[in-house]
Amino acid sequence: MFFGQEHFFEELFCTCIQLLNKTWKEMRATQEDFDKVMQVVREQITRTLTLRPTSLELFKSRVNSLNYSEILRLRQTERMHQEEILAAPVLELREQLKPELLKLIKQQRLLHLCEGTLFRKISSRRRQDKLWYCRLSPNHKFLHYGDVEEGIESPPIESLQDKVPVADMKALFVGRECPHTKEKSSGKQNKDLLDLAFSVSYDVGEYLNFIAPTRYEFCLWTDGLNVLLGREMVSERTQTDLDILLSMELKLRLLDLENIPIPDAPPVVPKPPSNLNFCYDFTHIEQ
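Residues numbered from 1 in each chain as written. Predicted model: local features only at pLDDT ≥ 70, side-chain atom pairs only at ≥ 80, totals over all residues. Heavy atoms only, no water.

Where an unreviewed UniProt entry is consulted, the protein appears under the name Engulfment and cell motility protein 3 isoform X2, with the organism given as Eublepharis macularius. You can read under Function (unreviewed entry) in the UniProt record for the protein the words "Involved in cytoskeletal rearrangements required for phagocytosis of apoptotic cells and cell motility. Acts in association with DOCK1 and CRK. Was initially proposed to be required in complex with DOCK1 to activate Rac Rho small GTPases. May enhance the guanine nucleotide exchange factor (GEF) activity of DOCK1." (UniProt positions renumbered as here; feature names shortened; annotations may be inferred.)

Participant: Describe the overall build of the protein, with residues and values.
Facilitator: Within the protein, the secondary structure is distributed over eight helices and seven strands. Residues classed as buried in the protein amount to 33% of the 287 residues present. Residue pairs in contact within the protein that sit at least 24 positions apart in sequence constitute 51% of those at least 6 positions apart. (Helix = DSSP H or I, 4+ residues; strand = E, 2+ residues; numbered from the N terminus. Buried < 20%, exposed > 50% of the residue type's maximum accessible area, 1.4 Å probe, protein only. Contact = heavy atoms within 4.5 Å.)

Participant: Run through the side chain of Asp 223, naming residues and quoting values.
Facilitator: Mapped onto the secondary structure, Asp 223 falls in helix 7 (residues 215-228). For Asp 223, the residues in contact, after removing those within four places along its chain, are Arg 109, Met 233, Val 234, Ser 235 and Thr 238.

Participant: Report on the pairing of strand 3 (residues 142-148), specifying residues and quantitative values.
Facilitator: Burial analysis of strand 3 places five of its seven residues in the buried class, which makes it a mostly covered element. Bridging between strand 3 and strand 4 (residues 162-165) involves four bridges; their strand directions are antiparallel. Following the sheet pairing, Leu 143 is matched in strand 4 by Val 164. (Pairing = 2+ DSSP bridges.)

Participant: Please set out the sheet that holds strand 7 (residues 206-211) residue by residue, giving values where relevant.
Facilitator: Sheet strands pair by backbone hydrogen bonding; their relative direction is either parallel or antiparallel. The antiparallel open sheet is built from three strands, whose spatial order is 5-6-7. Single-partner strands in this sheet number two, and they are strand 5 (171-174) and strand 7. Averaged over neighbouring strand pairs, the angle between their axes works out to 20° when direction is ignored. Taken together, the four bridges between strand 5 and strand 6 (residues 197-203) define a ladder with antiparallel strand orientation. Its bridge partner lying in strand 6, Ala 171 is registered against Ser 201. Across the face of the sheet, helix 7 comes into contact with strand 5, strand 6 and strand 7 while running at roughly 25° to strand 6. (Axes fitted to C-alpha atoms, helices over the stretch in contact; angles between N-to-C directions.)

Participant: Please give an account of the side chain of Thr 222 that cites residues and values.
Facilitator: Here Thr 222 shows up in helix 7. Here the side chain of Thr 222 touches Phe 218 through a polar contact of 2.7 Å, landing on its backbone oxygen. Looking at Thr 222, its side chain comes within polar contact range of the main-chain oxygen of Cys 219, at 3.1 Å. (Polar contact = N/O pair within 3.5 Å; in protein donor to acceptor, adjacent residues only side chain to side chain.)

Participant: Residue-level account of helix 2 (residues 34-50), with values.
Facilitator: With 17 residues, helix 2 ought to run about 24 Å at 1.5 Å a step, and its terminal C-alpha atoms sit 24 Å apart, in line with that. Where helix 2 terminates, the next one or two residues include Arg 52, which has phi positive at roughly 55°. (Expected span 1.5 Å × (residues − 1).)

Participant: Talk me through the packing of helix 1 (residues 8-27) against helix 3 (residues 56-65); I want residue IDs and the actual numbers.
Facilitator: At a minimum axis separation of 11 Å, helix 1 and helix 3 run at an interaxial angle of 15°. Classified by the interaxial angle, the pair formed by helix 1 and helix 3 is roughly parallel. In this structure, helix 1 meets helix 3 at a crossing whose hand is right-handed. Each of Phe 8, Glu 11, Leu 12, Thr 15, Gln 18, Leu 19 and Lys 22 in helix 1 lies in contact with helix 3, whose residues at this interface are Leu 56, Phe 59, Lys 60, Val 63 and Asn 64. (Parallel < 35°, antiparallel > 145°, perpendicular 65-115°, else oblique. Left-handed = near helix turned anticlockwise from the far one by under 90°.)

Participant: Got a sec to walk through the confidence of the model for the protein? Specific residues and values, please.
Facilitator: Do not read the predicted coordinates in detail wherever pLDDT is low. Across the protein, the average pLDDT comes to 83, with 87% of residues at 70 or higher. Helix 6 (residues 188-194) is the least confidently modelled element of the protein, averaging 66 in pLDDT, while helix 7 averages 92, the highest of any element. (pLDDT = per-residue confidence, 0-100.)

Participant: Before we move on, could you go through the pattern of salt bridges and cite the residues and values that matter?
Facilitator: Overall, the coordinates contain 11 salt bridges when judged by the stated rule. Measuring nitrogen to oxygen at the nearest pair gives 2.5 Å for the salt bridge that ties Glu 70 to Arg 73. Pair noted here: Glu 70 and Arg 73 are both in helix 4 (residues 68-85), with a separation of three residues, about one helical turn. Of the residues examined, Glu 70 reaches a relative accessible area of 24% and is grouped as partly exposed. Overall, the relative accessible area of 44% leaves Arg 73 in the partly exposed class. Here Arg 109 makes a salt bridge to Asp 223, at a shortest N to O gap of 3.1 Å. Of the two residues, Arg 109 is situated in helix 5 (residues 88-115) and Asp 223 in helix 7; the sequence distance between them amounts to 114 residues. Overall, the relative accessible area of 1% leaves Arg 109 in the buried class. (Salt bridge = Lys/Arg side-chain N within 4 Å of Asp/Glu carboxyl O.)

Rendered as structure tokens:
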């Protein structure tokens, strides 16, 4: 690759920049996802280089075929393979930790809803800069919301004029299922909005419609609303957070067993002793 081009590093840089733009679009990334995109691009480049391509053209074709979905598939395969070679006690511990960590994630989602988020309104005619704020009450019984002026980042809950009882919430809708996105055209901006739109139905024909400012906020709010509705959290952020917490907790639990092989089966329980004369009799009164 190096000796086949007169300006090798410049050509390689151009190929990798084009790959970065391609991966950015595939991941539908925002500015907050920059580090995540860079990690994926780094993995695409390193995986392709391990194949030892003999020319820059071959490198370019192989690295472009290794798209984001293929990276996710390879990661999943490697994770499953890693779990298969883990000892059975470690896998059992992992399953025991899941409910506790999912409960921790649920608490974080509800705390985020209590802090509230600033949303923007989308009118049927054109995009507006009008803002409104929504937050969950500390007792988790009401969703308080109301219009706010520009420049106000976190209004007090008393200033929010309207509220919806959590007990009256019926269902959560996302994307094209939302009433405020059904009549949108198929433009690029509207496709981006579909990925950030969600709605809550709380009365007959009544909806609270949201357009999240980022994909991160979308995941946290939909997870939190699903928790309030008594449903499972289904966003991609939940699985990412769970994997991180499980990995950290397992490492902490197994810290004392470093470099010690863990058997696949528990040790055999020894036979009981022939007598129990060695036991201390607490009822005996010493003279």
